[in-house]
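# Summary of structural features
The chain contents come next:
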Amino acid sequence: MNIDEIKKRMNVAVGRRSPWEAMWEDCIDYTMPARQSFYSSSAGTERTDRVFDETPIMATAEFASRMQSAILPPGRKWFKFQVSEMVEEAERRQLQEDLEQIEDFLYTQILRSNLDAEVHEAFMDLAIGTCALTVNLDPLGRLVFKTASLPTIWIEEGPDGRVGGVYRKRQDQTGRGIKAEYPNANVEDEGKSYTVVEATLRDYTKQMEETYQYTIWIEETNQILVNATYKGWGSNPWISARWAETASEWYGRGPLINILPAIRSVNLIRELIYENSELAIGGVWQYDNDGTLNPSQIQIAPNTFIPRAPGSRGLEPLQSPSRFDIAEANLQDLRQTIKRGLFSEEFTPHGRTPLSAQEIAAKQADLAQRIGSPFSRILKEMVEPIIA
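The following refers to the structure shown.

Definitions and cut-offs
- Residues numbered from 1 in each chain as written.
- Predicted model: local features only at pLDDT ≥ 70, side-chain atom pairs only at ≥ 80, totals over all residues.
- Heavy atoms only, no water.
- Helix = DSSP H or I, 4+ residues; strand = E, 2+ residues; numbered from the N terminus.
- Expected span 1.5 Å × (residues − 1).
- Buried < 20%, exposed > 50% of the residue type's maximum accessible area, 1.4 Å probe, protein only.
- Pairing = 2+ DSSP bridges.
- Axes fitted to C-alpha atoms, helices over the stretch in contact; angles between N-to-C directions.
- Contact = heavy atoms within 4.5 Å.
- Core = buried A, V, L, I, M, F, W, Y, C linked by side-chain atoms within 4.5 Å.
- Salt bridge = Lys/Arg side-chain N within 4 Å of Asp/Glu carboxyl O.
- Polar contact = N/O pair within 3.5 Å; in protein donor to acceptor, adjacent residues only side chain to side chain.
- Parallel < 35°, antiparallel > 145°, perpendicular 65-115°, else oblique.
- Left-handed = near helix turned anticlockwise from the far one by under 90°.
- Nonpolar A, V, L, I, M, F, W, Y, C, P; charged D, E, K, R; others polar.

### Points about helix α11 (residues 373-387)
If you check α11, its first and last C-alpha atoms are 21 Å apart, about what 15 residues at 1.5 Å a residue would give, namely 21 Å. Those residues of α11 that sit buried are Pro374, Ile378, Glu381, Met382, Val383 and Ile386.

### Quick word on the sheet that holds strand β5 (residues 193-202)
Spatially, five strands are ordered β3-β4-β5-β6-β7 in an open sheet, and the strand pairing comes out antiparallel. Every interior strand has two partners, whereas the edge strands, β3 (153-157) and β7 (224-231), have only one. The mean angle between the axes of side-by-side strands here comes to 10 degrees, regardless of whether they run parallel or antiparallel.

### Brief notes about the sheet that holds strand β8 (residues 238-242)
Taking strand neighbours across the sheet as the criterion, the three strands line up as β2-β1-β8 in an open arrangement whose pairing is antiparallel. The open sheet terminates on both sides in strands that have one partner only, identified here as β2 (143-147) and β8. Between one strand and the next, the sheet's axes are offset by a mean angle of 20 degrees, whatever the strand orientation. Note: strand β1 (residues 130-137) against β8, five bridges, orientation antiparallel. The partner of Thr134 across the bridge, within β8, is Trp238. Each of β1, β2 and β8 is contacted by helix α5 (residues 115-128), which is oriented at about 155 degrees to β1, the strand it contacts most. α11 contacts β1, β2 and β8 of the sheet and is inclined by roughly 165 degrees relative to β8.

### Things to note about the environment of Ala185
If you trace the backbone, Ala185 turns up in the loop between α6 (175-181) and β5. Residue classification places Ala185 among the buried residues on the basis of a relative accessible area of 5%. Expressed as a C-alpha distance, the spacing of Ala185 and Ile218, which sit 33 residues apart in the sequence, is 9.4 Å. When near neighbours in sequence (up to four residues on either side) are disregarded, Ala185 contacts Ile178, Lys179, Gln223 and Leu225.

### Thoughts on the nonpolar core
Ranked by internal contacts, the top residues of the largest apolar core, which has 73 residues, are Leu72, Phe123, Leu256, Met382 and Ile386. No other element matches α5, which puts eight residues into this core. When residues no more than four places from it in sequence are discounted, the contact partners of Leu72 are Met67, Trp78, Val119, Phe123, Met382, Val383 and Ile386. Within the second largest apolar cluster, 10 residues are counted, among which are Tyr214, Ile216, Ile218 and Leu225.

### Looking at the pattern of salt bridges
Under the definition given, this model contains 26 salt bridges. Across the pair Glu157 and Arg242 runs a salt bridge whose closest N-O atoms are separated by 2.8 Å. One end of the pair, Glu157, is in strand β3; the other, Arg242, is in strand β8, and 85 residues separate them in sequence. With a relative accessible area of 1%, Arg242 lands in the buried category. Residues Arg377 and Glu245 are paired through a salt bridge, measuring 3.4 Å at the closest nitrogen-oxygen approach.

### Some details on the side chain of Gln223
Mapped onto the elements of the fold, Gln223 is located in the loop between β6 (211-218) and β7. Gln223 sits in the buried class, given a relative accessible area of 18%. A polar contact is formed between the side chain of Gln223 and the backbone nitrogen of Asn186, at a distance of 2.6 Å. Those residues in contact with Gln223, other than ones at most four positions away along the chain, are Asn184, Ala185, Asn186, Ile216, Trp217 and Ile218.

### Brief notes about the pairing of strand β4 (residues 163-174)
Judged from the five bridges that link them, β3 and β4 form a sheet pairing that is antiparallel. Residue pairing across strands places Glu156 opposite Gly165, the latter belonging to β4. Connecting β3 to the antiparallel partner β4 that follows it, the hairpin turn spans five residues, and Gly161 within it adopts a positive phi of roughly 85 degrees. The sheet contact formed by β4 and β5 spans eight bridges and is antiparallel. When the bridges of β5 are listed, Arg170 appears paired with Val196.

### Re the pairing of β6
Summarising burial for β6: eight of the eight residues are buried, a large majority. Side chains Thr211, Gln213, Thr215 and Trp217 project from β6 onto one buried face, and the interleaved Tyr212, Tyr214, Ile216 and Ile218 project onto a second face that is buried too. For β5 and β6, the ladder comprises seven bridges, and the chain directions are antiparallel. Counted as the bridge partner of Leu201 is Gln213 from β6.

### Structural notes on the side chain of Thr55
As for its placement among the helices and strands, Thr55 is situated in helix α3 (residues 55-71). When its relative accessible area of 9% is taken as the criterion, Thr55 is described as buried. Of the polar contacts made by the side chain of Thr55, one reaches the side chain of Asp53; its length is 2.6 Å. Apart from the residues within four sequence positions on either side, Thr55 is in contact with Arg335 and Lys339.

### Focus: the packing of α3 against α5
For the pair α3 and α5, the least separation of the axes is 8 Å and the interaxial angle reads 120 degrees. As the angle between them shows, α3 and α5 are arranged oblique. For the crossing formed where α3 meets α5, the hand is right-handed. Together, Thr60, Ala61, Phe63, Ala64, Ser65, Met67, Gln68 and Ile71 of α3 and Asp116, Val119, His120, Phe123, Met124 and Ala127 of α5 make up the contact between the two elements. Classifying every residue of the contact of α3 with α5 gives nine nonpolar, four polar and one charged.

This is the structure:
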């Protein structure tokens with residue numbers, strides 16, 4: 001496949017992702033404001049101007065931590081190899097010992113890697129619906145995982161229902177950095193910034209063996225930096241997982257999308273509370289315009305005495321019709337909905353008797369049941385490729 005054909009396929013992928021971006025941007029703005037935007041924003045820019053309630057931010061971080069603890073717990077062996085029952089009994093013991101040695105070796109390699117640090121970021125993206133990590137080896141032979149932020153990647157689904165292609169753009173790559181990463185690159189201006197495009201596409205014409213075409217080029221010059229073919233199970237440098245998928249859609253729909261209306265509402269109510277609190281604190285005043293009162297000469301402060309003419313009513317506060325009790329009640333309901341939607345509600349609500357061990361076990365079982373099908377998809381699309 002030549003570079004022009006790859007670009008055509010990438011344009012299709014770009015078009016398929018475009019309708020999602022506004023919704024994803026809302027998810028990022030309300031729950032992960034420090035992460036990269038789908039639209040223009042420079043590094044270090046403050047992006048919290050739309051955030052009035054921090055509940056979605058904290059619940060999303062807790063969701064990622066809970067998912068990591070349940071699926072890929074740090075410092076614990078979260079996989080085990082078992083000999084199939086189809087193997088003869090006489091051979092099973094020796095094969096099991098061999099598998100345990102392989103298991104220990106793989107676990108040691110994972111411990112030496114940075115998986116525990118990077119997979120938390122991947123689960124943050126998975127809360128939106130789709131996440132992607134790269135897997136490479138450093139010069140010392142250690143596994144290196146790197147989460148690719150959602151705004152930088154485009155995926156395409158293969159005929160088998162799995163992710164069959166991943167495209168990534170890395171912007172603002174200096175010519176000097178490109179030369180260091182790809183020594184054969186021909187870069188005229190090492191101080192100039194370029195966009196490096198990467199495409200990893202599975203070749204489905206080869207049914208008996210997984211085959212991927214891996215191509216990297218500079219967008220501005222069309223110079224190809226890498227054009228390689230990877231073969232064999234586990235040769236794909238990308239690990240892409242989706243939370244839940246609907247028919248005809250390539251991207252996953254995560255729990256944040258399901259509770260996005262509640263997130264928008266809780267921020268709106270909180271914003272209105274702040275606005276009405278300013279009115280309640282500062283007050284709105286009315287007076288009779290009889291020529292005896294000059295508002296510009298009056299300062300509202302504690303222990304201030306304001307004279308008024310006999311018979312005039314002077315300053316009078318205007319009562320606010322705002323109902324803070326109703327707003328707070330709605331806030332509590334929406335916050336609980338957000339926490340439950342992200343599986344981060346507390347086992348024991350504040351001010352209540354601690355739950356018994358049996359009650360906690362029942363709630364944990366309910367949590368596993370609510371995750372349901374997405375849990376199986378994560379095992380297939382994330383856990384198995386990591387082991388492979």
